[in-house]
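Spelled out from the first residue to the last, the chains are:
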Amino acid sequence: MTDQIITEVDGRRLKLSNLDKILYPGTETTKGEVLHYYTQVAPVLLEVVAGRPATRIRWPHGVADLSFFEKNLPAGAPAWLPRITLASSDSRGSGDDVTYPVIGSLADLVYLVNLASLEFHVPQWRLENDTPANPDRLVIDLDPGAPAGLTECAQLALIVRDRLASIGLEHCVPVTSGSKGMQVYAALNGRESSAAVRDAARELAQQLTREHPDLVVWKMTKSKRPGKVLLDWSQNTAAKTTIAPYSMRGREQPTVAAPRTWAEIAHGATHSGTLRQLLVEEVLARLEEQGDLFHSGLLGR
């Protein structure tokens with residue numbers, strides 16, 4: 001593996017550098033290995049992020065060093081990289097515009113990963129005619145407060161799945177986040193606005209907090225979270241983004257936001273400690289053996 005190579009990806013000439021740089025010291029995972037993962041997972045990841053402005057988290061010197069969020073297109077980005085300029089979602093109301101990349105090809109993805117973009121975060125809506133459309137999926141983010149962990153998240157995920165099914169959202173898929181918790185995604189028909197979906201998710205969070213007060217909390221107040229799972233409804237706000245399924249995470253080890261089967265979640269809910277976050281090699285092996293669990297789950301296949 002050389003320090004720098006020039007290669008062609010989807011007809012685009014790309015200069016890939018520092019391929020031997022270790023980005024995950026705990027496992028000695030190099031930038032070249034990160035690029036390899038993303039090229040292998042690209043067929044399904046590209047479908048996840050298609051038509052959605054992408055926010056990245058970059059670790060230029062690896063996960064043991066500093067990172068930064070990047071919304072705007074990187075300086076020096078090639079003209080062929082797709083982009084969209086949208087009004088800023090800055091909570092301070094700066095009013096500035098942001099020009100996001102919109103990842104549509106392997107070349108787009110490889111270019112951004114070569115900049116040490118380890119994480120990709122996207123909203124629950126797609127662009128239609130360069131304008132944000134209504135969301136096509138709902139996400140319920142489950143964030144455990146220690147000593148709660150994935151066991152408690154799995155217990156709540158099953159409750160969430162059944163509650164969503166009761167209101168007609170039968171096509172759901174669980175995703176262990178690659179960090180502490182997990183998400184449950186449900187397919188939407190695109191008829192409801194982001195505000196309406198957000199409000200429905202908040203109502204669900206409030207209902208489940210009343211029904212399962214020892215397990216669930218819907219407010220982010222830190223003092224209320226130890227030993228419980230925060231049901232984060234706010235991820236459905238139009239301005240919010242969530243880690244993209246199949247994206248790597250900038251954690252100590254190269255974990256991935258990994259789609260799971262409901263059988264795994266049911267087992268993890270009753271067998272404490274058996275459900276864990278998955279590593280890149282495991283996700284690639286599962287993808288080969290089981291196919292794209294994320295989209296098959298959303299489509300009910």
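Since this is a predicted model, take the numbers as computed values, not measurements. (Residues numbered from 1 in each chain as written. Predicted model: local features only at pLDDT ≥ 70, side-chain atom pairs only at ≥ 80, totals over all residues. Heavy atoms only, no water.)

1. Some thoughts on unusual backbone geometry
For step 1, the next point in the chain: Omega for the bond connecting A146 with P147 falls within 30 degrees of zero, at 10°, which places this linkage in the cis form.
For step 2, the next point in the chain: Inspection of the secondary structure puts P147 in the loop between strand 12 (137-144) and helix 3 (150-166).
For step 3, the next point in the chain: A positive phi angle is found at D10, which is not glycine, with a value near 50°.
For step 4, the next point in the chain: When you line up the elements, D10 lands in the loop between strand 1 (4-9) and strand 2 (12-17).
For step 5, the next point in the chain: Given a relative accessible area of 51%, D10 falls into the exposed group.
For step 6, the next point in the chain: In this model, Y246 sits at a positive phi of 85°, which is unusual for a non-glycine residue.
For step 7, the next point in the chain: Looking at Y246, the relative accessible area reads 3%, which means it is buried. (Helix = DSSP H or I, 4+ residues; strand = E, 2+ residues; numbered from the N terminus. Buried < 20%, exposed > 50% of the residue type's maximum accessible area, 1.4 Å probe, protein only.)

2. Details of the packing of helix 3 against helix 5 (residues 262-270)
For step 1, the next point in the chain: For the pair helix 3 and helix 5, the least separation of the axes is 8 Å and the interaxial angle reads 125°. Of the possible angle classes, the one that applies to helix 3 and helix 5 is oblique. Two packed elements cross with a definite hand, and for helix 3 against helix 5 that hand is left-handed. Residue-level inspection shows T151, A154, Q155, A157, L158 and R161 of helix 3 in contact with helix 5, the latter providing W262, I265, A266, G268 and A269. (Axes fitted to C-alpha atoms, helices over the stretch in contact; angles between N-to-C directions. Parallel < 35°, antiparallel > 145°, perpendicular 65-115°, else oblique. Left-handed = near helix turned anticlockwise from the far one by under 90°. Contact = heavy atoms within 4.5 Å.)

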